[in-house]
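Per-entry structural report
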Amino acid sequence: MRLDRFLTETTELTRSLAKKAMHREEVRVDGEVVRNPATRVDARSEVTWNGERLALVGLRYVMLNKPAGVECSARRGLYPLVRELIDLPQVERLQTVGRLDVDTTGLVLLTDDGQWSHRVTSPRRRCGKVYRVSLAEPLVGDDLARAVSRFAEGIELEGEEKTTRPAELIMRTATEAELTLYEGKYHQVKRMFAAIGNHVEALHRESIGPLVLDERLAPGAWRELTEAERAEF
Ligand code: URA
């Protein structure tokens, strides 16, 4: 690949800043100062910027057990970002695959492979996301039967043109629900339970399609996906 592209892939430099760095003689290839941005380099070339060796990192696929109080966003706002929990080079390139609210815990996927991310979130794949939901009010008897059928049929949420896609509700206890969604509207789980007069006190995502949160990951811990997990999408 061209040297300027190598620099943009391995540093935060834009192409024009990479060219400027070359003009300032900060960039060397195999020990020689190089000023021509079109110079061809590959993974075996020893490229340095200000004496620091640069290496192509390839595409990464990560699962994280998101704790409460961190944000699935690209820019820092009030809360720390999920990717700040991840100790990988060029971590700023990792994007979350969909989002969880700041107070929601559980499975978050991150990658720098935009096409893979798109495959995971594509509505055409009908990829079920399983949430464990702690409810403020017990949901039992006729109320439960009504909730199961309303969620299965799809319900109207304020501000949405379309009803929700059919969702599966199972109660583990009177206040602990397991809800499987096949889409991801804003605050969807909380809004669905609010629509039936209940309130979500805690929300945890257990799985996305075939990818299940690794139970060995403590809140805040992460690991790279295995090849087999990555190949699921
Ligand atoms: N639904 C919500 O309400 N919040 C989440 O974080 C995920 C799904």
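Residues numbered from 1 in each chain as written. Predicted model: local features only at pLDDT ≥ 70, side-chain atom pairs only at ≥ 80, totals over all residues. Heavy atoms only, no water.

When you go through the chain residue by residue, the secondary structure sums to 6 helices and 13 strands. A compact globule built from 233 residues would reach a C-alpha radius of gyration of about 17 Å, whereas the chain, at 23 Å, exceeds it by more than 25%. Taken over the C-alpha atoms alone, the chain extends approximately 75 × 35 × 35 Å along its principal axes. When the 233 residues of the chain are sorted by exposure, 44% land in the buried category. Taking the intrachain contacts of the chain between residues at least 6 apart in sequence as the baseline, contacts between residues at least 24 apart amount to 63%. Of the side chains in the chain, 36 bear a positive and 38 a negative charge, and the two mean positions are spaced by 6 Å. (Helix = DSSP H or I, 4+ residues; strand = E, 2+ residues; numbered from the N terminus. Rg over C-alpha atoms; globule rule 2.2 N^0.38 Å. Buried < 20%, exposed > 50% of the residue type's maximum accessible area, 1.4 Å probe, protein only. Contact = heavy atoms within 4.5 Å. Lys, Arg positive; Asp, Glu negative; His and termini not counted. Charge placed at Lys NZ, Arg CZ, Asp CG, Glu CD.)

It is worth spelling out the site of the ligand at this point. Every residue lining the ligand is accounted for by Leu 100, Asp 101, Thr 104, Tyr 131, His 187, Gln 188, Val 189, Lys 190 and Leu 203. The contact in question runs from an oxygen atom of the ligand to an N or O atom on the backbone of His 187, over 3.2 Å. With respect to the ligand, the backbone of Lys 190 contributes an N or O atom lying 3.1 Å from an oxygen atom. Alone, the ligand offers 230 Å² of accessible surface; in the complex the protein occludes 95% of this. In this structure the site holding the ligand corresponds to the largest pocket. For the shell around the ligand, the element with the highest residue contribution is helix 5 (residues 188-195), accounting for 3 residues. Considering only residue class, the shell around the ligand consists of 4 nonpolar, 3 polar and 2 charged. Two domains each provide a minimum of three residues to the shell around the ligand, namely domain 2 (61-123 + 213-230) and domain 3 (128-208). (Near = heavy atom within 4 Å. Polar contact = N/O pair within 3.5 Å; in protein donor to acceptor, adjacent residues only side chain to side chain. Areas by Shrake-Rupley, 256 points an atom, 1.4 Å probe, with all protein chains shown as cover. 1 Å grid on protein atoms, 1.4 Å probe; cavity = no way out; pocket = protein on both sides within 12 Å on 5 of 7 lines; lining within 4 Å. Sits in = over half its atoms within 2 Å of the grid points. Nonpolar A, V, L, I, M, F, W, Y, C, P; charged D, E, K, R; others polar. Domains from an automatic or database assignment.)

Spatially, 2-1-3-4 is the arrangement adopted by the 4 strands of the open sheet, whose pairing is antiparallel. Edge positions in the sheet fall to strand 2 (32-33) and strand 4 (52-54), since each has one partner strand and no second. (Pairing = 2+ DSSP bridges.)

All right, on to the layout of surface pockets then. Taken as a whole, the largest pocket encloses approximately 680 Å³ of empty space. Mapped onto the lining of the largest pocket, the elements with two or more residues apiece are helix 3 (114-121), strand 8 (129-135), helix 5 and strand 11 (200-208). Residues of the lining of the largest pocket, tallied by class, amount to 14 nonpolar, 8 polar and 10 charged. Estimated volume of the second largest pocket: approximately 150 Å³. Taken together, Met 1, Glu 9, Leu 56, Val 57, Gly 58, Leu 59, Arg 93 and Asp 112 make up the lining of the second largest pocket. (Points joined across faces, edges and corners; volume = space filled by probe spheres on them.)

Along the chain, the position of Arg 83 falls in the loop between strand 5 (61-66) and strand 6 (95-96). The side chain of Arg 83 is buried and forms no salt bridge, while Glu 92, the nearest opposite charge, is found at 6.2 Å. Those residues in contact with Arg 83, other than ones at most four positions away along the chain, are Ser 73, Ala 74, Val 91, Glu 92, Leu 94 and Leu 110. (Salt bridge = Lys/Arg side-chain N within 4 Å of Asp/Glu carboxyl O.)

Turning our attention to the pairing of strand 9 (residues 168-171). What you see with strand 9 is a clean split: Leu 169 and Met 171 sit on the buried side and Glu 168 and Ile 170 on the side with no burial. With 4 bridges joining them, strand 9 and strand 10 (residues 176-181) adopt antiparallel strand pairing. Bridging across to strand 10, Ile 170 finds its partner in Glu 178. Connecting the antiparallel pair strand 9 and strand 10 is a turn made up of 4 residues.

Attention shifts here to the packing of helix 1 (residues 3-10) against helix 2 (residues 15-23). Contact geometry of helix 1 with helix 2 gives a least axis separation of 9 Å together with a crossing angle of 115 degrees. Classified by the interaxial angle, the pair formed by helix 1 and helix 2 is roughly perpendicular. Of the two possible hands of crossing, helix 1 and helix 2 adopt the one that is right-handed. The residues of helix 2 that touch helix 1, namely those facing Leu 3, Asp 4, Arg 5, Leu 7 and Thr 8, are Arg 15, Ala 18, Lys 19 and Met 22. (Axes fitted to C-alpha atoms, helices over the stretch in contact; angles between N-to-C directions. Parallel < 35°, antiparallel > 145°, perpendicular 65-115°, else oblique. Left-handed = near helix turned anticlockwise from the far one by under 90°.)

On to the packing of aromatic side chains, then. Taken as a whole and judged by the stated rule, the model has 3 aromatic pairs. Judged by centre distance (5.1 Å) and plane angle (75 degrees), the rings of Tyr 61 and Trp 116 are edge-to-face. Taken together, the residues span a long stretch of sequence, with Tyr 61 in strand 5 and Trp 116 in helix 3 at a distance of 55 residues. An angle of 85 degrees between the planes, with centres 5.9 Å apart, marks the rings of Trp 116 and Phe 233 as edge-to-face. Here Phe 233 lies in the segment after helix 6 (227-230) and Trp 116 lies in helix 3, a separation of 117 residues in the sequence. Grouping residues by exposure puts Trp 116 and Phe 233 together as buried. Members of the aromatic cluster, connected to one another through ring pairs, are Tyr 61, Trp 116 and Phe 233. It is Arg 126 that lies over the ring of Tyr 182; its NZ or CZ is 4.1 Å from the centre. Seen from the ring of Tyr 61, Arg 230 lies directly overhead, with NZ or CZ sitting 5.4 Å from the centre. (Phe/Tyr/Trp six-rings, centres within 6.5 Å; stacked < 30°, edge-to-face > 60°. Lys NZ or Arg CZ within 6 Å of the ring centre and 35° of its normal.)

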